[in-house]
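Next come the chains, spelled out residue by residue.
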Amino acid sequence: MPAYHSKYYTDEVPTIGNIAMLPLRTNTKGPAPRTDDEEDIIDETLLYFKANVFFKNYEVKNTVDRLLIYLTLYATDCIVKLQRSPSKKEAVKEMHSLAISKFDLPGDHGFPLNAVYTKPVGNDVEKMRQYLTQCRQEMGLRIIEKVFGDDDKPSKWWTCFARRKFMDKTLTPLGRQF
């Protein structure tokens, strides 16, 4: 069975480096265009997360798949952090802190998939950092709702995926583990 790929690809998708810059259903400040659609790339990542996380290989078909890979890797980092959160209120703080913390971009020494991504150049470096930060913030907010739901403790049906590594990679370098 092949991995799930994004349905959001079109030839008109704007890119930063070779990552798609898709609209987000968000109120978070950033360069991403806003959308009122019921589902966006964050929702799609969370929908396919439990299936895709089992894959060691992933065929990149387009720029949107690169964003899907990045968000899946980030979702794994979020779940690792959320499994240790004592409450939903604490989880919100931890997700915000994780989202705005320093992270490596494609082309940086610590980025795990430099073979798949191209290094942004010029103004694209800061624009990519802002876009990915915005995606990380929105992913953090939405994954809290999935992992905690109405309870004040994390769901074991989500936290069991903390041990899985999509493509055997993590966005968090070994020296900066949580």
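Residues numbered from 1 in each chain as written. Predicted model: local features only at pLDDT ≥ 70, side-chain atom pairs only at ≥ 80, totals over all residues. Heavy atoms only, no water.

## Focus on the overall build of the chain
Logical step 1: Across its full length, the chain carries five helices and two strands.
Logical step 2: Listing each helix as α and each strand as β along the chain from the N terminus yields β-β-α-α-α-α-α.
Logical step 3: A compact globule built from 178 residues should have a C-alpha radius of gyration of about 16 Å, and the chain, at 15 Å, falls within 12% of that.
Logical step 4: When its C-alpha atoms are laid out on the principal axes, the chain stretches across 40 × 35 × 35 Å.
Logical step 5: With 178 residues in all, the chain has 49% of them scored as buried. (Helix = DSSP H or I, 4+ residues; strand = E, 2+ residues; numbered from the N terminus. Rg over C-alpha atoms; globule rule 2.2 N^0.38 Å. Buried < 20%, exposed > 50% of the residue type's maximum accessible area, 1.4 Å probe, protein only.)

## Regarding the packing of aromatic side chains
Logical step 1: As enumerated under the stated definition, the model contains seven aromatic pairs in all.
Logical step 2: Ring centres of phenylalanine 49 and tryptophan 158 lie 6.0 Å apart, and the angle between their planes is 20 degrees; on these two criteria the pair is classed as stacked. Placement of phenylalanine 49 in helix H1 (residues 41-52) and of tryptophan 158 in helix H5 (residues 156-159) is noted, with a sequence separation of 109 residues between them.
Logical step 3: In this structure phenylalanine 49 comes out as buried when scored by relative accessible area, which is 1%.
Logical step 4: Residue classification places tryptophan 158 among the buried residues on the basis of a relative accessible area of 9%.
Logical step 5: On the basis of an interplanar angle of 75 degrees and a centroid distance of 5.7 Å, the ring pair of tyrosine 58 and phenylalanine 166 is categorised as edge-to-face. Placement of the pair is tyrosine 58 in the loop between H1 and helix H2 (63-82) and phenylalanine 166 in the segment after H5, with a sequence separation of 108 residues. The burial state of tyrosine 58 is the same as that of phenylalanine 166; both residues are buried. (Phe/Tyr/Trp six-rings, centres within 6.5 Å; stacked < 30°, edge-to-face > 60°.)

## Brief notes about the state of the cysteines
Logical step 1: Taken as a whole, this structure holds zero disulfides when the rule is applied.
Logical step 2: Free cysteine cysteine 160: the closest other cysteine sulfur is in cysteine 78, separated by 16 Å.
Logical step 3: For cysteine 160, a relative accessible area of 33% translates into the label partly exposed. (Disulfide = S-S within 2.5 Å.)

## Brief notes about unusual backbone geometry
Logical step 1: A positive phi angle, close to 60 degrees, is found at methionine 167, a residue other than glycine.
Logical step 2: Within the secondary structure, methionine 167 is located in the segment after H5.
Logical step 3: On the accessibility criterion, methionine 167 (12% relative accessible area) is buried.
Logical step 4: Residue aspartate 168 is not a glycine yet carries a positive backbone phi of 55 degrees.
Logical step 5: With respect to the helices and strands, the residue aspartate 168 is situated in the segment after H5.

## A word on the nonpolar core
Logical step 1: In terms of nonpolar packing, the biggest core is built from 53 residues, with Ile41, Leu67, Tyr131 and Ile143 touching the most fellow members.
Logical step 2: Mapped onto this core, the elements with two or more residues apiece are strand S2 (19-20), H1, H2, helix H3 (88-100) and helix H4 (124-148).
Logical step 3: In terms of residue count, the dominant contributor to this core is H2 (13 residues).
Logical step 4: For isoleucine 143, the residues in contact, after removing those within four places along its chain, are Leu46, Ala75, Cys78, Ile79, Leu82 and Met95. (Core = buried A, V, L, I, M, F, W, Y, C linked by side-chain atoms within 4.5 Å. Contact = heavy atoms within 4.5 Å.)

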